[in-house]
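Spelled out from the first residue to the last, the chains are:
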Amino acid sequence: MKKLNIVLIVSLLVASISHGQDGSSGRMKNIPDSVRKNMPKIGTVSGILLDADGGKAVSYASIAVISVRDSAIVGGALSDENGRFSIDELPMGRLSLRITFIGYATLNLDPFILNPMQPEYDAGSIRLNASLARLKEVEVSAEKLDLINSLDKKVYNLDKNIVNTGGTITEAMQNIPSVTVDIDGNVALRGSENVTILIDGKPSGMLGADRKAVLNQIPASAVEQIEVITNPSAKYDASGMAGIINIKTKKEKMQGMNGTVSAGIGTNDKYNFSLGLNNRSSKVNLYTNYSFRHEKRSSTGDSYQLNFYPGRETYSFTNISSGNRKSDFHTGKLGADFYLNKNNTLGINASLTTRSGTDPDQNDYVFRDSEGNIYEQYQSTAMGNEKNDGADVNLDYRRTWTGSKRELSATAGYSSNQRSDKNENWSSTYAIGDIPYQKSDNENDYSSLILQADFMQPIAGIGKLEAGLKSTLRDIDNNQKLYSYDQASRVYLLNILKSDQFIYTEQVFGAYLMYTGNWKKLDYNAGLRAEQTLAEGDSKSAMTTFSNDYLSFFPSAFVKYNFSDQRELQLGYSRRVNRPETRSLNPYTDYSDSLFLRTGNPYIKPEFIQSYELAYSTPLGPVDMTATIYYRYTDNMISRFRTLDTATTVSTLSYVNFNSSENIGAELVLRYEYKRIGSVMGTANFYQNKIKAGNIESDLQSDSKQWNGRLNFNIKAGKSTSLQITANYMSPRVSPTSKFKGMSGVDAGIKQDLWKGKGSISLNVSDIFNTRNFRISHFDDFYLSEYTRTRESRVATVSLSYRFGKQDTNLFQRKKNQRSQQQSDGMDLIDY
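Scoring rules and cut-offs
- Residues numbered from 1 in each chain as written.
- Predicted model: local features only at pLDDT ≥ 70, side-chain atom pairs only at ≥ 80, totals over all residues.
- Heavy atoms only, no water.
- Helix = DSSP H or I, 4+ residues; strand = E, 2+ residues; numbered from the N terminus.
- Buried < 20%, exposed > 50% of the residue type's maximum accessible area, 1.4 Å probe, protein only.
- Contact = heavy atoms within 4.5 Å.
- Areas by Shrake-Rupley, 256 points an atom, 1.4 Å probe, with all protein chains shown as cover.
- Salt bridge = Lys/Arg side-chain N within 4 Å of Asp/Glu carboxyl O.
- Polar contact = N/O pair within 3.5 Å; in protein donor to acceptor, adjacent residues only side chain to side chain.
- Pairing = 2+ DSSP bridges.
- Axes fitted to C-alpha atoms, helices over the stretch in contact; angles between N-to-C directions.
- Phe/Tyr/Trp six-rings, centres within 6.5 Å; stacked < 30°, edge-to-face > 60°.
- Lys NZ or Arg CZ within 6 Å of the ring centre and 35° of its normal.
- Core = buried A, V, L, I, M, F, W, Y, C linked by side-chain atoms within 4.5 Å.
- pLDDT = per-residue confidence, 0-100.

Colleague: Please clarify how the overall build of the protein should be interpreted in this entry.
Modeller: Of the regular secondary structure elements, the protein holds six helices and 44 strands. Burial status across the protein gives 49% buried among its 832 residues. Contacts in the protein between residues at least 24 apart in sequence constitute 66% of all its contacts with a sequence separation of at least 6. By element, 55% of the accessible surface of the protein is carried by carbon and sulfur atoms, the whole surface being about 38200 Å².

Here is the structure:
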C-alpha cells in the first residue's frame, strides 16, 4: 500500500489543558490555571474503523483527537491492520475525533467528555463512507502491506505472498529483503549465516539442533509474519552476528468465532493442509491451528577432484550422487489469552511438532590416473530414517497501568526436541550381498528453559526507561552409535572408535537497561546489556571435557532525525556475539565418508561483532525508498577449514578462529504502488567481505565482493484476481579456500478470490526455469575440486482456502452503552 501522507501531531501546549469550564458543572468554572496545568493526562479513547459498504476493517487510517475548546490536536494514532485504534495520555475535557484516510470522506465525530472519574471512552464501530473520487475512479482496499519497511526492522506479511502459497518458510524467506537462502536451506542475513532465528520471539524446540531441516518443512500457511531486525538494540539477546529473524505464527484475534481452512497439492507427491480457529469474547481469546505437510523432494549432485601431491602421480576421482527424500510434518498450537481486567492479561499456549522421513542416497565413485584411465570404482548406498518431535509451552503475563504507558511483562517458556536418525549403508566393496555393512543410530535430545521479565516506565512524557532480566538454560545430549557387520558372527558390533556421546550445557544470564527519548525532531536510544555465559562440554569418545565461562557487555545506541513524517535518517551501533554451535565444538570425528572426514574443535572461541548502520528513508515522488549503509567488524571469526593429509589423501573439515573479518555493504529498497495496476518492489544488497586468517596460514586471506537482488511484482489482473512474479539473484562469492558461483531463480503465482472474498484458489510455480543450482569449487596447494548440487526446486502447487465466521463488532457498542450508563449516575462532568 502506498505510504500515506499522514501527519500525527501530539500537542504538549499548556493551553490545551488550561481553559475555563463552559459546561454543566458551575463549580468547576473557576479552577486556577496552576491546577489545570497539573491535571494528569490519563484519558484513553478506542474504537474500530469499518468500511460503511462492505464492513471490512479500514487499516492505517489517521485518527486525530481534537480539543473542542481551542481546536488543538491533543493526540493521534493510526488504526492497526484490523481497523482498531487506542489513544492514551489524553487530557481531561471535551474532545472529538477526526478520521482521515485516502479513498474515504473525512469524518468528524460528535464530542465526548473525559474526566477523572471516567477517563476512558470507547467510540465503538465507526463507519467510513467512500469519497466521491474513490467511487468514480478507483477502489481502495484496506489490505495489509506485503512489506512494512522501517528503519529498525522489516515485516513481511505472508498472506500477501502468492508465489509461496503451499510452500515452506524457507521458500518464503527467499523473497524477503536482506535474506538469502542457498539450495541446502541455509539462511543468511546480509551475507552471514550467523543469524538468530526465533519463533514468536523466543528460541523454539521446534527448531532443535537442525533448524534448516525444520524450516524446510514448516508450512508457510502456519505463519503470519516474518520480522527481520538487522541491528538489534540492547533489549534483545546479544547472540547472532547478522541480526534476528523472528517467525510469527498465526494467532487470530478477531471478535467472535472465526476460522480459516486451506489445502494444496503439488507436483511430485506434495500435499499440504491447514486449519486455524479462534473464538474471542471480552474476557478470553481461544485459538488453535494445525498444519500438515507431505513432501517428496529429489536431489542430484556431481563432483570432481584433481589431486597433485608432491612425489606422486596426479590422479582424480568423480562422484555422482542422487537422492529422493520423503517427509511428513505435523504441527499444532493451542492457546488462550485471558483478559483478567483492563490492566492484566494472562496468556498460555503450547505447540507440538512431529516430523518423520526417509532419505535414500546413492553415490558412484570413479578413480582415474593421469592418463584418464579408470583404475578403481565403487558404489555406496545409504538409507536414512529420521524422526523429530518438538514441544513448546509458554506462559505470558502483561500488566499495564491506567493513565500511564507503564508496562510490566513476564514470560516463562520451556522447549524440548528429540531427534532420531537411523542410517544403513551398503557398499560394492563389501561382498556381503544385500546386507548393510554398517548401521548408525544418532539420538539428539535438546531442551531449554527461558525466564524473562521486562519493565517499561515513561519519564516526564518525553522518554521511557526500560529494564529487563533473562535467563536461558540449554541442555543438549547427542548420542551417536555406529555398528559394523561382522561376517564371522553375522551380527552387528558396536564400533567404539566411531561412536560418541557428546553432552553440552549452556547457561546465559542477561540484564539490560535502556533509555529512549526525543527532543524536537530527534529520537534517540541508548542501552547496555550484560550477559554471563557458562558453557560445559563432555565428549565421551574423545574423553575430552571443556568449559568456557565469560562475562560480556553489549552496548547499543541509535539516533533518528525526523525531517518530516515520511523522511527520516537513523544512525545505529550495537555489539553482538556469535557463540559456537555444538556441532562445531564436538571433537568426535565423523567417518561416514572415508575420504572426507568431519570433526569439531572444542577450543574455538566465540566471535564478537561490532555493527554500525546508517539508514535513510524518503519518498521519491511516487516511489518509497530506504537506503542503508552498514559495516561489521568481527573478532575471532568462526569458519570451517579443510585440511588434507597428503600421505592418505584423506581431507578433514573442522572449525577454526580466523583473526578477523570486515564486512561493508549498502542496501537499497524501492517500492512503487499504483492502485489500478499493483506494485513493484526492488531490493539490492552490495557488500565486500575481507577475511584475515594469518593465524592459521601466513598468507591465508581473502577479499571478495558480492551482491544479491530481487524484484517483486504484484499485479491486479482483475477486481478479484492477483498475479505475483518474483526474481532473485545471488552473485558469486569467494572465501580463502573456496568460491561459490552464484545462483538465480524466478517464481510466479496467480490467485483468484471466490465467494465474495471469503475464499481463494491459487496456482504458483517456483523456480520456473529450474536454475537454482548450487555450484562451488574448493582449492588448496595439493588439490582442486568442483561440486554441483541440485535440489528439486521447480514445483507447481494448487491451493484452495476459505475463511469463515464473523467479527463481533457489537462488543464495542456494548462497552460503549455500559460506560454511557455509568456516566449518567449523577457524576459531575468536567469540561475544559
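Colleague: For this particular structure, what's the right way to read the pattern of salt bridges?
Modeller: Side-chain pairing between opposite charges can occur once the charged atoms of the two side chains come close. Across all of its chains, the model carries 27 salt bridges by this definition. The salt bridge partner of glutamate 386 is arginine 355, with a shortest N-O separation of 3.1 Å. Here the residue glutamate 386 occupies a position in strand E21 (residues 374-401), and arginine 355 occupies one in strand E20 (residues 344-368), the gap between them amounting to 31 residues. Comparing glutamate 386 with arginine 355, the two get one shared label, buried. Across the pair aspartate 538 and lysine 540 runs a salt bridge whose closest N-O atoms are separated by 2.8 Å.

Colleague: What exactly am I supposed to notice about the environment of asparagine 278 here?
Modeller: In this structure, asparagine 278 sits in strand E17 (residues 270-280). Sequence separation between asparagine 278 and glycine 335 is 57 residues; the distance between their C-alpha atoms is 9.4 Å. There is a polar contact of 3.3 Å between the side chain of asparagine 278 and the side chain of asparagine 285.

Colleague: Help me out: how do you make sense of unusual backbone geometry in this one?
Modeller: Among all residues save glycine, negative phi is the norm, and among peptide bonds the norm is trans. One non-glycine residue, aspartate 767, lies in positive phi territory at about 45°. Mapped onto the elements, aspartate 767 comes out in the loop between strand E41 (759-766) and strand E42 (773-779). The class of aspartate 767 is buried, set by a relative accessible area of 0%. Positive phi outside glycine occurs at asparagine 770, with the angle close to 55°. On the basis of relative accessible area, asparagine 770 is assigned to the partly exposed category, the value being 37%.

Colleague: Sorry, what's going on with the pairing of strand E33 (residues 623-645) here?
Modeller: Along any regular strand the residues' side chains alternate between the sheet's two faces. In terms of strand pairing, strand E32 (residues 607-620) meets E33 through 13 bridges, oriented antiparallel. Each residue of the ladder has a partner; that of leucine 614, found in E33, is isoleucine 629. Here E32 hands over to E33 after two residues, with glycine 621 in that stretch at a positive phi of 65°. Bridge count for E33 against strand E34 (residues 650-674) is 22 bridges, and the pairing is antiparallel. Bridge assignment links threonine 628 to a residue of E34, and that residue is glutamate 667. What sits between the antiparallel neighbours E33 and E34 is a turn of four residues, in which threonine 649 has the positive phi angle 60°.

Colleague: Which parts of the structure should I look at to understand the sheet that holds strand E4 (residues 84-90)?
Modeller: Sheet strands associate in pairs through backbone hydrogen bonding, adopting either a parallel or an antiparallel arrangement. An order of E4-E1-E8 is seen for the three strands of this open sheet, with the pairing classed as mixed. Either end of the sheet is taken by a strand with one partner, and the two such strands are E4 and strand E8 (120-128). Each strand of the sheet is rotated relative to its neighbour by a mean of 20°, with strand direction disregarded. With seven bridges connecting them, strand E1 (residues 43-51) and E8 associate as parallel partners. By the bridge assignment for E8, leucine 50 is matched with arginine 127.

Colleague: Quick question: what am I supposed to make of the environment of lysine 741 here?
Modeller: Positionally, lysine 741 belongs in the loop between strand E39 (738-740) and strand E40 (743-754). Relative accessible area serves as the criterion here: at 31%, lysine 741 is assigned to the partly exposed category. Considered as a pair, lysine 741 and threonine 788 are 47 residues apart in the sequence and their alpha carbons are 9.8 Å apart. Contacts of lysine 741, omitting those with residues within four sequence positions, involve Pro732, Arg775, Ser777 and Glu786.

Colleague: Quick question: what am I supposed to make of the pairing of strand E31 (residues 596-599) here?
Modeller: Pairing geometry for strand E30 (residues 589-590) and E31, over two bridges, is antiparallel. Among the inter-strand pairings, aspartate 590 is bridged to a residue of E31, identified as arginine 598. Sheet analysis places E31 next to E34, joined by three bridges and oriented parallel. Opposite phenylalanine 596, over in E34, you have serine 651 as the bridge partner.

Colleague: Looking at this structure, I do not really get the packing of aromatic side chains. What am I missing?
Modeller: When we look at a pair of aromatic rings, we describe it by the centre distance and by the angle of the planes. Under the defined criterion, the tally for this structure stands at 22 aromatic pairs. Geometrically, the ring pair formed by tryptophan 755 and tyrosine 802 is edge-to-face, given 5.6 Å between the ring centres and 80° between the ring planes. Of this pair, tryptophan 755 sits in the loop between E40 and E41 while tyrosine 802 sits in strand E44 (residues 795-805), and the two are 47 residues apart along the sequence. Taken together, the ring pairs in this structure connect Phe317, Tyr365, Phe367, Tyr375 and Tyr378 into an aromatic cluster. The ring of tryptophan 401 has arginine 399 sitting right over it, with the charged end atom 4.3 Å from the ring centre. The side chain of arginine 733 reaches across the aromatic face of phenylalanine 740, ending 4.6 Å from its centre.

Colleague: Got a minute to help me understand the environment of leucine 49 in this structure?
Modeller: If you trace the backbone, leucine 49 turns up in strand E1. Linking leucine 49 and glycine 83, residues 34 residues apart in sequence, is a C-alpha distance of 4.9 Å. Once residues within four sequence positions are removed from consideration, leucine 49 is found in contact with Lys56, Ala57, Val58, Ala61, Ile63, Ser79, Gly83, Phe85, Ile99, Ile126 and Leu128.

Colleague: How should the nonpolar core be read in this particular structure?
Modeller: For soluble globular proteins, the rule of thumb is that nonpolar side chains tend to be buried together. Within the largest apolar cluster, 23 residues are counted, with the highest numbers of intra-cluster contacts made by Val45, Leu49, Val65, Ile87, Leu90 and Leu97. Secondary structure elements with two or more residues in this core: E1, strand E2 (62-67), strand E3 (73-78), E4, strand E5 (93-101), strand E7 (112-114) and E8. If we skip the residues at most four places from it in the chain, valine 45 touches Val65, Phe85, Ser86, Ile87, Leu90, Leu97, Phe112 and Tyr121. Judged by nonpolar contacts, the second largest core, of 22 residues, contains Val179, Val187, Ile197 and Ala220.

Colleague: Got a minute to help me understand the side chain of serine 233 in this structure?
Modeller: Along the chain, the position of serine 233 falls in the loop between strand E14 (223-229) and strand E15 (244-249). For serine 233, the contacting residues outside a window of four places in its chain are Met514, Ser556 and Phe558.

Colleague: Explanation requested: the confidence of the model for the protein in the structure shown.
Modeller: Fine structural detail should not be taken from predicted coordinates in areas where pLDDT scores are low. Averaged over all residues, the pLDDT of the protein is 81; the fraction at 70 or higher stands at 84%. Of all secondary-structure elements in the protein, the lowest mean pLDDT belongs to helix H6 (residues 810-823), at 38, while strand E27 (residues 522-539) reaches the highest, 94. Within the model, the stretch residues 132-144 combines pLDDT values under 50 with 27 contacts to residues more than four positions away or in other chains. In the model, residues 807-832 has pLDDT below 50 throughout and makes 61 contacts with residues more than four positions away in sequence or in other chains.

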